[in-house]
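# Report on the structure
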Amino acid sequence: MEATILIFKFFLIIFIFFFFFNGNQNQKSILGKAKIIDGDTIHIGNNKIRLHGIDAPEINQDCSYKNEDWKCGQLSKNFLLNLINLDVVNCQVKTVDKYKRYIAICFVNNLNINEMMVKNGWAIAYRYYAKDYVDEELIAKKNKVGIWKGKFIEPYLFRKKNK
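All values derive from a computational prediction rather than experimental measurement.

## Concerning helix H4 (residues 134-143)
The set of residues buried in H4 consists of Val134, Glu136, Glu137 and Ala140. Within H4, the buried residues cover an arc of 155 degrees as seen down the axis, which keeps them to one side. Away from its buried face by more than 90 degrees, H4 exposes Asp135 and Lys142. Residues of H4 that are buried make contact with helix H3 (113-119) and strand E11 (124-125). Once H4 ends, the next one or two residues include Lys144, with phi positive near 50 degrees.

## Regarding the confidence of the model for the protein chain
Low pLDDT marks regions whose predicted coordinates should not be analysed in detail. For the protein chain, the average pLDDT comes to 89, and 84% of its residues sit at 70 or higher. In the predicted structure, residues 10-25 sits below a pLDDT of 50 and forms 1 contact with residues beyond four places in sequence or in another chain.

## Digging into helix H2 (residues 72-84)
Between its first and last C-alpha atoms H2 spans 18 Å; for 13 residues at 1.5 Å apiece the expected length is 18 Å, and the two agree. Of all the positions in H2, only Cys72, Gly73, Ser76, Leu80, Leu83 and Ile84 are classed as buried. On an axial view of H2, the arc spanned by its buried residues comes to 120 degrees, and they lie on one face. Two residues or fewer past H2, Asn85 is found with a positive phi of approximately 50 degrees.

## Quick look at the environment of Tyr129
One can find Tyr129 in the loop between E11 and H4. A relative accessible area of 58% places Tyr129 in the exposed class. Along the backbone, Tyr129 and His52 are 77 residues apart, and their C-alpha atoms lie at a distance of 8.3 Å.

## A few points about the state of the cysteines
In the structure shown here, the tally under the stated rule is 2 disulfides. The disulfide bridge from Cys63 ends at Cys72, spanning 2.1 Å between sulfur atoms. Between Cys63 and Cys72, the S-S dihedral sits near 70 degrees, and the bridge is therefore right-handed. Overall, Cys63 belongs to the buried group, its relative accessible area being 2%. Once the bonded cysteines of the protein chain are numbered in order along the sequence, the disulfide links fall as 1-2, 3-4.

Criteria and cut-off values
All chains use their own residue numbering, which begins from 1 and follows the written sequence. Only residues with pLDDT of at least 70 get local features here, since the model is predicted, and only at 80 or more are side-chain atom pairs given and counted; chain-wide, interface and lining totals rely on the full set of residues. Side-chain measures were taken over the full set of non-hydrogen atoms in the model, leaving aside hydrogen atoms and water. Throughout, exposure labels follow a simple rule: accessible area from a 1.4 Å probe, protein chains only, divided by the maximum for the residue type, with under 20% read as buried, over 50% as exposed, and the rest as partly exposed. Counting from the N terminus, the helices are DSSP H or I runs at least four residues long and the strands are E runs at least two residues long. The arc under discussion is defined with respect to the helix axis, by the directions toward the C-beta atoms. Any two residues whose heavy atoms approach within 4.5 Å are treated as being in contact. Scored from 0 to 100, pLDDT records how confident the predictor is in each individual residue. Under the convention used throughout, the expected extent of a helix is 1.5 Å for every residue step, that is, one less than its residue count. Sulfur atoms of two cysteines make up a disulfide when they are within 2.5 Å.

Right under this line is the structure:
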């Protein structure tokens, strides 16, 4: 009987440990002023953060509109910079990627930055990892805003091509 109680306590402690460990990891928040790296990456202090569920043009990526090239990667970064506007950013961490960046959904004044980047056409829904912003992408595409006003190579394909 004592052995059964001891085993039960052992499994209860293991369960509680995993429950709290996983819960705390998923609820980590990073709060502060952000340095904008590109349209889907920011730094807050020493924390490198990749915006969850979106993929923005690379900083050196061009798009075309009416057979003219334009700096869509730089404009994507500029849009994010203006969206944040030196306000405090609150990021809710979902996970950590293989590059040790936090993958997070970030907010400024309760406005979902990830969602706004896609809805305004400065990033695409990164379907390989999540389908969170597919509807916002359809809105941007329909309204021909941001990169959707012309032609572009999807950012992940641009990265693959330019390795």
